[in-house]
Each structure stands twice: as structure tokens, then as C-alpha cells.
Amino acid sequence: MTELDRLAMYRQMVRIRQYEARIMQEYHADKSPAWDIGAGLIPGEMHLSAGQEPAAVGVCAHLKKGDAITAPHRPHHFALAHGVDMNKMTAEIYGRETGLCRGKGGHMHLFDPDNHFSCSGIIAQGLPVACGQALAFQRKGTDNVAVAVAGEGAANQGAFHESLNLAAVWNLPVIFVIEDNDWAISVPRSASTAGVSNADRASGYGIPGVRVEDNDVEAMFEAAGAAIDRARAGEGPSLIEIHTLRLWGHFEGDAQAYRSELETVNERDPIPKYAASLQELGDLTDDQIADIQAEADAEVDAAIEFAKSSPEPTAEDALLHVFA
Amino acid sequence: MSTTTESRRVTTAKAMAEGIGQEMQRDPNVFVMGEDVGAYGGIFGSTTDLFGEFGPDRVIDTPISETGFIGAGIGAAVEGLRPVVELMFVDFYGVCMDQISNHMAKIHYESGGNVKVPMVLMSATGGGYSDAAQHSQCLWGTFAHLPGMKVVVPSNPYDAKGLMISAIRDDNPVMYLFHKGGQGLVWMEKNPRSIGEVPEEPYTVPIGKAAVAKEGTDVTIVTLSLSVQHSLDVAEQLEGEGISVEVVDLRSLVPLDTETVLESVGKTGRVLVVDEDYKSFGLTGEIAAVIAENDPGMLKKPFSRLAVPDVPIPYARPLEYGVLPTREKITAAVKDLMA
Ligand SMILES: Cc1ncc(C[n+]2csc(CCOP(=O)(O)OP(=O)(O)O)c2C)c(N)n1
Ligand SMILES: [Mg+2]
């Protein structure tokens, strides 16, 4: 890992965080005085990924054109790190005609075929689809890979286990990425999951499994690099579980009354921690921190501006696109 | 139904939870399980305060394993317990439909009537707040189509409690489908009809009996769930314009109270069916068939229906409201029938 890799990862994490922070602000801006989930310029459920940037950034640093990702209900960090156009994605979140899906999908259903990126709001159901994309790459003889992302809660869904087995038995170029943020809405991992690590579950299917502790972006980068090289070389699937952090609520509006470790959440924020370690190495100056932040601010503001100034679809458009 | 003394105004969500809690007090075999039904109280408030009262032994948070825990509910019911299981959104039926349709709904019949499955599967339905295609469906027609489960669809707090108690006491599997927009949640726009008078003591509302929610003489609206609230708003509005609308709240799809429907349509001679589910192969067609089989001559005007026009529920507000049965569309459809 070079200094450039480190800086690029830091920059990407800051960019994603700025995005999530501004979306949060915008989401709540017009929902008062009586907070109403369906009101405002961004209506509906909103699952933000703040704190989980290391997972996306460590993996996507190794991806190239043609590689696929299936993301779950909390997709923004993987979308941005994978190169999904910020303007079109934001316009989709605002329900505009210029959005990735012309306003039909919304934040949980982002589809970007140019980048082979998709999401599903149904838990763990993106995993089989990633296996299918990997199957296509294998049959076409490319060295592309598919990354299937899911939370630790999703790993108790049948589709997770079926997908691991399928990928193993067909030797598919898939990388399963499990984001263990300790919580599935209000249910802690300890109450839902037998066994300590999904890396161990992977070995039950004969798949290499790695658990990355401490939300460590560099360890994630290393683990993902090895798994992706393996998959590209035709050596089959891997699983990486990262112990990450849900910095905010499950969705916006979640009061998190159930959450026992709320006081220490901010101390565990991975971005200031990474900045400090890069500064210690001499890889990051105060000026660079300010520049990177300013760059992110400008890019995100422009995307929000693009979205807000884009036209809305009309009621008649709802009848289009049922069939090809 | 009991002769009530004390009643207060509560939300539909609170009424449901109260019904479950009172049955838990009465019968130790009743327990609750599902995702976030414990400390959280159910994402849509259906288990509010139950965890505090009954604890984790009887109000059980599950892993995100719907096939597993719905199947476990079936097994527990077969052994004589009375589980109330929550599928958080009805849209998630896809991951557990085998347990619902091939097991929960068929075991009694397959066993020649020898095995009972006294379980309630409750689930949140409906759209209107931009939750898009995977979190906004109603799907009650799908469950009603498959034989072997009762399907109840409350529209107000009073029925929500009474139907819940009936569902728990029923020896059959009951799908209890509540509309998110009718729960009276503080964080979602609501019709004032989502809060209403509910007696404190336990009572039942019979499953299979529709209610005439408002009497009228010109047009019958046959509807269910949140669309009852919209239809009542429209009926009150049109009253002032000289159109007398009768609103029939089906309250359950299985069994379907065809008698109440036919009686009302026989009286008015004009019918509009309002359904937030998909249009084709569903409730609206079923009601048309009931009328056609009985006496098509009772209609003075051609049958009319308003439902989601066979597209997935889109995200953006103008798109979503383009396909939902809104008050405006209900009003226009009633006026068409009167033209
Ligand atoms: C099949 C299915 N069941 C339940 C849900 C509701 N749901 C949405 S997110 C979520 C928790 C997911 O937890 P996890 O997989 O750990 O991801 P996280 O939200 O922590 O990122 C649940 C239960 C769903 N969307 N799909
Ligand atoms: Mg989680």
C-alpha cells in the first residue's frame, strides 16, 4: 500500500461522509414541525452509511471497469466508491427524471448498469444476484468479479447460505462482504447470531473467510485485495467480514433508545481516527485535510443542486417500464 | 361484542397491541415473535409496550430469518401454542412464502382436518410515503387467493383490537394485514380516523362480517383498510354535493361477506370497488364476479373499480400518487357513476 493509496482512501471516505451528512441535513430540512416520513424533497426511508466507509473504500479500491456490486438497503457508500455518478444518484434520491432510475427506484433501489451496480431492499437477496453476475463473467471468460454486500443481520437469511454454497460449488468469482455493525435495526448481533464470525461460517462452505477488526480501512484493503486477486485468477469465492460501525440510526428518525453503546459511538468514528494515523505517518497535512474537505463539499453541493433543479416525473410516467 | 363502559381514543397501533396484550394475559399459550417486536415495539407500533409487560420470554426478537421463525410459529401452533408472528412488511413474503402457503395454510386440509394451526401472522401493508416498490405493496389479494388462511384487513382502531382478539382465538391461521398509513403513527401523515374510541376491556369483532361504515342511497363503495378512511372522507364531502354514498368496509377478505356487499349494491344499483392492491386478478375482479354471479341486473351503471394499475409502486411522489387510489380519484369515479 502506497502513500497515494492511503490518501485516495482517505479522500474517498471524506467524500462519502460529506455526502451522507448533507443528505441527512436535506432529508430532515423539510419534515418539521410534525416530522413526517413521507414529506419533503426526500421522502421515504433513509438508511445512511456513515461509519461504514472503510468497508466500501477498502474493497472498491481494487475494482475495475466491468466489476459488479450488489448492495443492500444501505447502499450509498458502495455506490459512490464504485463510481456511480453522484449527480444521477442524488437526482434519484430526490425522485427526479434525471435520476439513475427516472425516479422509480429511490435510495434503496439504485440501478447503474454502466457500473454493474444494483441494490435490493430485501435482506440478503442481492447475494444470489451477485452469484449470477459472477457466473456470467465466468462463462464469458472475463476476469471481472462480483461483490455481494450484506449486513451481519442478513447472514441469518437463507439466501446468504444458499449463495455461499452456490459460489463455492461453482467456483464463482464472488467476494462476499459482510458489514458487521453490531445491529440489525434494534436487534444486537448477540441475540440473533450463533457463532462469533461469518468468516468461520465461510469455512463451513470451503470458502476462505477473513474477519477484519476495528473498522480498519487498511486491513480491509489488504483482505479485499487478496480475495479479488484470487477471484480474478479463477480460484473462486471468498468472504470478508468487517467489524464496522453504524454511526447513526438504522434509518433517519430512529431514536435508538434500544442502543446501549450510544455514548461511545462518536469516539469510534473511523474517519478522524484514520486522519490521525495518516498525520502521524506524515502522509497527511492540515492543509490537505482542509483541501480534501473543501473538494468534497463542492462536489456534494453541486450534486444536490443538480438534483433539486431537475424536473420531476409526471403521473403518466408511472405506467412506463413495466416491460422491456 | 361486549357492552362497554370505559373507552378512550387510541391509535390503531395501540389498539392492536392492547388486543395482543389482553390475550397474553388471558392465555399463557399466546406469545409474540418477529423482528424488532421487543424493545422497539414493532417498527409500526404493533407490539408497543408488550416487551415491558411480558419480557423477552414471551415477546421474542428474531433473527432476520423469516422462513425460520414463521415456520417455527407453525410448529408451535401445531403443538397447541398460539403464536402471534410479525412479518415486518408484507413485501417480505417472498422469502417465506413456502412456509405461509404450503405449510401454514395447507396443513389443516392436508391432514384431513386432524391438525390445527391456530396462529396469527400480522404484517404491515401499503404505500403513500415513498417507500418504493419493495416496501409499499398490499398483496392481500395474493393471500386471499391461496386457500387455507383467513385474511383480515382492519381500517380503524376499534376493529383493529376486536379483529386481533378474534384472530388469536381462531383455530385457523389468520393473516392480519394492517396498513402503515392507518396505524396513527406520530411519524407518518395520518387521517384522524386512525385514532378512535376503543373500549378498555377485551372484545371481539367477528371475522367474516363486513361493516357498513356509512349508509347511503346512490352509490356503494366497497373497500378495505386505509381506503375506507379515504372513502369516508369522500362520502362526507359528496354528501354536501347531494350524492349519497354508502361505504362498505369489508374488514376481511377471507371469509368474504358477500351478503353485505350484495345487499348494499342491490339498494344503490351503483358500485365502485376501491383497492390499494394491484388491479388485475384481485379483489376488484372478485367483487365484480360476486355481483355477476348473483344478479348482474342489479347494476344501473357498469361496474367500476379503482386499484393500482398493474405496475410496481414507484418511488417519486408524483409517480406513486399517480397509481394509488387517492381521494381525488375516488371522487371522480363516484361522480362518473352518477353522471
Ligand atoms: C427479508 C427482509 N426482512 C426484513 C427486512 C427489514 N429490515 C431492513 S434492514 C433490516 C436490518 C438489517 O440488518 P443488517 O443486515 O445487519 O444491516 P444494517 O442495517 O445493520 O446495515 C431489517 C430487518 C427486510 N428489508 N427484508
Ligand atoms: Mg447490521
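Remember, predicted model here, so these are calculated numbers, not experimental data.

Caption draft 1: Broad picture of the overall build of chain A. Along its length, chain A carries 11 helices and eight strands. Its C-alpha atoms give chain A principal-axis dimensions of roughly 55 × 55 × 40 Å. Within chain A, the proportion of its 324 residues that are buried is 59%. Across chain A, contacts joining residues at least 24 apart in sequence account for 74% of those joining residues at least 6 apart. Taken as a whole, chain A presents about 12,500 Å² of accessible surface, with 54% of it coming from carbon and sulfur. In chain A, the 25 positive side-chain charges and the 48 negative ones have mean positions that sit 5 Å from each other.

Caption draft 2: Region of interest: the site of ligand 1. Neighbouring residues of ligand 1: 22 residues in total, closest A:His73, A:Gly121, A:Asn181, A:Trp183 and B:Glu66. At the site occupied by ligand 1, nearby residues are drawn from chains A and B. Contact between ligand 1 and A:Gly121: a nitrogen atom at 2.8 Å from a main-chain N or O atom of the residue. One of the side-chain nitrogen or oxygen atoms of A:His250 is found 3.4 Å away from an oxygen atom of ligand 1. Coverage of ligand 1 by the protein amounts to 97% of the 580 Å² it exposes when considered alone. The residue makeup of the shell around ligand 1, split by class, is 10 nonpolar, eight polar and four charged.

Caption draft 3: Molecular detail of the coordination of the magnesium ion (ligand 2). Residues and elements named next belong to chain A. Looking at the metal site, the magnesium ion (ligand 2) is ligated by Glu152 (OE), Asn181 (OD1) and Trp183 (O), spaced 2.1 to 2.2 Å from it. Summarised as a motif, the one-chain spacing of the donors to the magnesium ion (ligand 2) is E-x28-N-x1-W. Taken as a pair, Glu152 in the loop between strand S3 (146-151) and helix H6 (158-169) and Asn181 in the loop between strand S4 (174-180) and strand S5 (183-184) lie far apart in primary sequence, 29 residues in all. The class of Glu152 is buried, set by a relative accessible area of 2%. Looking at Asn181, the relative accessible area reads 6%, which means it is buried.

Caption draft 4: A look at the packing of helix H1 (residues 3-29) of chain A against helix H11 (residues 286-308) of chain A. Residue and element names in this part refer to chain A. The geometry of H1 relative to H11 is characterised by a closest axis approach of 9 Å and an angle of 45° between their N-to-C directions. With respect to each other, H1 and H11 are oriented oblique. With respect to the hand of their crossing, H1 and H11 are arranged in right-handed fashion. Mapping the contact onto sequence places Leu7, Tyr10, Arg11, Val14, Arg15, Gln18, Tyr19, Arg22 and Glu26 in H1 and Gln288, Ile289, Ile292, Gln293, Glu295, Ala296, Asp297, Glu299, Val300, Asp301, Ile304 and Lys308 in H11. When grouped by side-chain class, the residues that make up the contact of H1 with H11 number nine nonpolar, three polar and nine charged.

Caption draft 5: Region of interest: the interface of chain B and chain A. The interface is formed by 37 residues belonging to chain B together with 46 residues belonging to chain A. Between chain B and chain A lies a buried interface of about 3,100 Å² when both sides are counted; carbon and sulfur atoms form 62% of it. Considering only the side of chain B, the residues that lose the most area to chain A are B:Ile64, B:Tyr315 and B:Leu319, jointly responsible for 22% of the buried surface there. Counting every contact that joins chain B to chain A gives zero salt bridges. Linking chain B with chain A are 17 residue pairs in polar contact (both at pLDDT 80 or more). Of all the secondary structure elements, the ones that give two or more residues to the side of chain B that touches chain A are strand S4 (82-89) and helix H11 (317-323) of chain B. It is H11(B) that contributes the most residues to the side of chain B that touches chain A, five residues altogether.

Reading the values: the criteria
- Residues numbered from 1 in each chain as written.
- Chains lettered and ligands numbered in written order.
- Predicted model: local features only at pLDDT ≥ 70, side-chain atom pairs only at ≥ 80, totals over all residues.
- Heavy atoms only, no water.
- Helix = DSSP H or I, 4+ residues; strand = E, 2+ residues; numbered from the N terminus.
- Buried < 20%, exposed > 50% of the residue type's maximum accessible area, 1.4 Å probe, protein only.
- Contact = heavy atoms within 4.5 Å.
- Areas by Shrake-Rupley, 256 points an atom, 1.4 Å probe, with all protein chains shown as cover.
- Lys, Arg positive; Asp, Glu negative; His and termini not counted.
- Charge placed at Lys NZ, Arg CZ, Asp CG, Glu CD.
- Near = heavy atom within 4 Å.
- Polar contact = N/O pair within 3.5 Å; in protein donor to acceptor, adjacent residues only side chain to side chain.
- Nonpolar A, V, L, I, M, F, W, Y, C, P; charged D, E, K, R; others polar.
- Donors = N, O, S within 2.8 Å, 3.2 Å for Na, K, Ca; no water.
- Axes fitted to C-alpha atoms, helices over the stretch in contact; angles between N-to-C directions.
- Parallel < 35°, antiparallel > 145°, perpendicular 65-115°, else oblique.
- Left-handed = near helix turned anticlockwise from the far one by under 90°.
- Buried area = accessible area lost by both parts, 1.4 Å probe.
- Salt bridge = Lys/Arg side-chain N within 4 Å of Asp/Glu carboxyl O.

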